[in-house]
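Understanding the architecture of this molecule
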Amino acid sequence: MMEYVEHDTEDYFSDRTSSISGIATLRIEYEEDYSADIGGVDGHICVATLIDVQVGNTRFTANQIAEMFGSGVVAQFESRVAEWEEMQ
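Described below are features of the structure shown in this document.

Rules of the game
Residues numbered from 1 in each chain as written. Predicted model: local features only at pLDDT ≥ 70, side-chain atom pairs only at ≥ 80, totals over all residues. Heavy atoms only, no water. Helix = DSSP H or I, 4+ residues; strand = E, 2+ residues; numbered from the N terminus. Buried < 20%, exposed > 50% of the residue type's maximum accessible area, 1.4 Å probe, protein only. Contact = heavy atoms within 4.5 Å. Areas by Shrake-Rupley, 256 points an atom, 1.4 Å probe, with all protein chains shown as cover. Core = buried A, V, L, I, M, F, W, Y, C linked by side-chain atoms within 4.5 Å. Pairing = 2+ DSSP bridges. Arc of directions from axis to C-beta. Phe/Tyr/Trp six-rings, centres within 6.5 Å; stacked < 30°, edge-to-face > 60°. Salt bridge = Lys/Arg side-chain N within 4 Å of Asp/Glu carboxyl O.

Some words on the overall build of the protein
Along its length, the protein carries 2 helices and 4 strands. For the protein, the residues scored as buried account for 28% of the 88 residues in total. A fraction of 50% describes how many contacts in the protein between residues 6 or more apart in sequence connect residues 24 or more apart. Surface summary for the protein: the accessible area is close to 5,900 Å², and the carbon and sulfur share equals 47%.

Some thoughts on the nonpolar core
Among the nonpolar cores identified, the biggest contains 17 residues, and Phe13, Leu26, Ile28, Leu50, Ile65 and Phe77 are the most heavily contacted of them. Going through the elements one at a time, β2 (19–32), β3 (44–55), α1 (62–69) and α2 (71–87) are the ones with two or more residues in this core. Counting residues per element, this core draws most heavily on β2, which supplies 5 residues. Excluding residues within four positions of it along the chain, Phe13 makes contact with Ser18, Ser19, Ile20, Leu50, Val53, Ile65, Phe69, Val73 and Phe77.

Re the pairing of strand β4 (residues 58–61)
Summarising the sheet, β3 and β4 pair through 4 bridges and their orientation is antiparallel. Paired with Asp52 across the strands is Thr61, a residue of β4.

Quick word on α1
Buried within α1 we find Ala62, Ile65 and Phe69. One side of α1 holds all its buried residues, which, seen down the axis, span an arc of 60°. Those residues of α1 that are exposed and aimed more than 90 degrees away from the buried face are Asn63 and Glu67. Where α1 ends, the next residue or the one after it, Gly70, has phi of about 100°, a positive value.

Some words on the packing of aromatic side chains
Within this structure, the stated rule accounts for 1 aromatic pair. Between Phe13 and Phe77 the ring centres are 4.9 Å apart and the planes differ by 65°, which places this aromatic pair in the edge-to-face class. Pair noted here: Phe13 is in strand β1 (residues 2–14) and Phe77 is in helix α2, with a separation of 64 residues, a long-range link. Of the two residues examined, Phe13 and Phe77, each falls in the buried class.

Looking at the pattern of salt bridges
Under the definition given, this model contains 2 salt bridges. The residue Asp11 makes a salt bridge to Arg80 at a minimum N-O spacing of 3.5 Å. One end of the pair, Asp11, is in strand β1; the other, Arg80, is in helix α2, with 69 residues separating them in the sequence.

See below:
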């Protein structure tokens, strides 16, 4: 069973020359993990996808954040959120 939720978190994005902080909205996808398949659920697989970041009255899309700070920053953020969500 796959489940989708939107999750808001206060966070920041930065590189060597600039940073912004705001409310990041992510789409979180959960799927039960049956990888060991010995009867029962072995945990959850979680994927987080950044939708946008609101800074004051301005919304920046995930693509705009990637253009400003690099796609690696967005990928690391999504990975960190997914790891945290898996532990919950």
